[in-house]
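Here is what each chain is made of, one letter per residue.
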Amino acid sequence: QVKLVRLHKNKGAGGGRNEGIKYAKGKYILFLDSDNYVKVNFLTELVKLIETDKTIGFVGPKMYFYKDKKRIWYAGVKINLVTSRTKYIGNNKIDKGQYNQIREVEHIPNCWLIRRSVIKKVKIIDPSFVMAYEESDWSMRAKRAGFKILFCPSSIVYHNIALPESQKGLRSKIGFDNDYRLYYIGRSRILFMRRHATRINYVLFLLFFNPLFCLYYLIQILRFGSLTNANSFLRGVRDGLFSK
């Protein structure tokens, strides 16, 4: 019952998911990253919620750290379209039921269910993002087309990612430490803001918040990384600013 599609080229997170869309069938499509463990009924709960309203485009689960199954990794997200700051609701907090409400969110990382009609209306993931912000861009496009993006707390997934206190070096400061990711986080953030912020918000972002963001990252990279890491990040920022 499983069709394995082998790619001979790394197309990034967005490109890989787009290839999956070509082969998937059915009314809904589930995206699930490889570093996750799921509860038995996680998919049932997502389907139950999305079927309550035809305007629901995406639904995503509550996600915990796999190595601490009471500690939340994701219970929703907010994106500030002036600063570009992305805040994961509940991240690193012990679950006491405080995030058990269904709510609209800005995007869903890692694992989510999408209605096929969304793809027909807003098309596939923009492959130009490659990775970082590809999920956010897709969600924003869906919202603009009239679809809701919902957090489903009754669906449970465990993300096999290191606990914050066990991370070291550059990864502990900014979440990643390889050149590939550093390049795309520098580039994709700017592309996302250019596309989705209002003109005045984008100008404020370019004049104030992006320089602060870049300065912070460079300080951390030079303290805990290498000149090669810094160069990768700066190339990403440059390409984000000047790409068409």
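Keep in mind it's a predicted model, so treat the numbers as computed, not measured.

Novice: Describe the overall build of the chain, and please don't skip the residues or the numbers.
Specialist: Helix and strand content of the chain: 8 helices and 9 strands. Relative to the compact-globule value of 18 Å for 244 residues, the chain shows a C-alpha radius of gyration of 18 Å, a close match. Counting only C-alpha atoms and orienting by the principal axes, one finds that the chain spans roughly 50 × 40 × 40 Å. Buried positions account for 47% of the 244 residues belonging to the chain. Of the contacts formed within the chain by residues at least 6 apart in sequence, a portion of 74% connects residues at least 24 apart. About 13,100 Å² of surface is accessible on the chain, with carbon and sulfur atoms providing 55% of the total.

Novice: Tell me what's going on with the nonpolar core, and back it up with residues and numbers.
Specialist: A general trend in soluble globular proteins is that nonpolar side chains are found buried together. Phe 58, Val 59, Tyr 74, Ile 108, Ile 114 and Trp 138 are the most contacted members of the largest nonpolar core, which totals 42 residues. Where this core is concerned, the elements lending two or more residues are strand 1 (28-32), helix 2 (42-50), strand 3 (56-65), strand 4 (68-74), strand 8 (111-115), helix 3 (116-122), helix 4 (134-144) and strand 9 (148-159). Leaving out residues up to four positions away in the same chain, Trp 138 has contacts with Ile 21, Phe 31, Phe 58, Trp 112, Ile 114, Ile 119, Val 122, Lys 123, Ile 124 and Ile 125. If you look at the next biggest cluster of nonpolar residues, it comprises 28 residues, including Ala 132, Met 140, Met 193 and Tyr 217.

Novice: Can you break down a positive patch on the surface residue by residue, with the values?
Specialist: Among the surface-exposed residues, Lys 78, Arg 85, Lys 87 and Lys 93 lie close enough to one another that they form a single positively charged patch. Its location among the elements puts Lys 87 in strand 6 (residues 86-88). Taking the relative accessible area as the measure of exposure, Lys 87 reaches 45% and is therefore partly exposed.

Novice: Quick rundown of the state of the cysteines? Include the residues and the values.
Specialist: Here a disulfide denotes one covalent bond, and it connects the sulfur atoms of two cysteines. Tallying each qualifying case throughout the model produces 0 disulfides. Counting only cysteine sulfurs, Cys 152 is the nearest neighbor of Cys 111, a cysteine outside any disulfide, at a range of 10 Å.

Novice: Mind laying out the packing of helix 7 (residues 199-224) against helix 8 (residues 227-242), listing which residues take part and the relevant values?
Specialist: The interhelical angle for the contact between helix 7 and helix 8, taken along N-to-C directions, is 165 degrees, at an axis separation of 9 Å. Comparing the axis directions of helix 7 and helix 8 gives the class roughly antiparallel. Viewed along their axes, helix 7 and helix 8 form a crossing whose handedness is right-handed. Mapping the contact onto sequence places Leu 206, Asn 210, Phe 213, Cys 214, Tyr 217, Leu 218, Ile 221 and Leu 222 in helix 7 and Leu 227, Asn 229, Ala 230, Phe 233, Leu 234, Val 237 and Leu 241 in helix 8. Grouping the constituent residues of the contact of helix 7 with helix 8 by class yields 13 nonpolar, 2 polar and no charged.

Reading the values: rules and limits
- Residues numbered from 1 in each chain as written.
- Predicted model: local features only at pLDDT ≥ 70, side-chain atom pairs only at ≥ 80, totals over all residues.
- Heavy atoms only, no water.
- Helix = DSSP H or I, 4+ residues; strand = E, 2+ residues; numbered from the N terminus.
- Rg over C-alpha atoms; globule rule 2.2 N^0.38 Å.
- Buried < 20%, exposed > 50% of the residue type's maximum accessible area, 1.4 Å probe, protein only.
- Contact = heavy atoms within 4.5 Å.
- Areas by Shrake-Rupley, 256 points an atom, 1.4 Å probe, with all protein chains shown as cover.
- Core = buried A, V, L, I, M, F, W, Y, C linked by side-chain atoms within 4.5 Å.
- Patch = residues over 30% accessible without salt bridge, like charges linked within 9 Å, V, L, I, M, F, W, Y side chains within 5 Å.
- Salt bridge = Lys/Arg side-chain N within 4 Å of Asp/Glu carboxyl O.
- Lys, Arg positive; Asp, Glu negative; His and termini not counted.
- Charge placed at Lys NZ, Arg CZ, Asp CG, Glu CD.
- Disulfide = S-S within 2.5 Å.
- Axes fitted to C-alpha atoms, helices over the stretch in contact; angles between N-to-C directions.
- Parallel < 35°, antiparallel > 145°, perpendicular 65-115°, else oblique.
- Left-handed = near helix turned anticlockwise from the far one by under 90°.
- Nonpolar A, V, L, I, M, F, W, Y, C, P; charged D, E, K, R; others polar.

The values are spatial; any link to function lies outside them.
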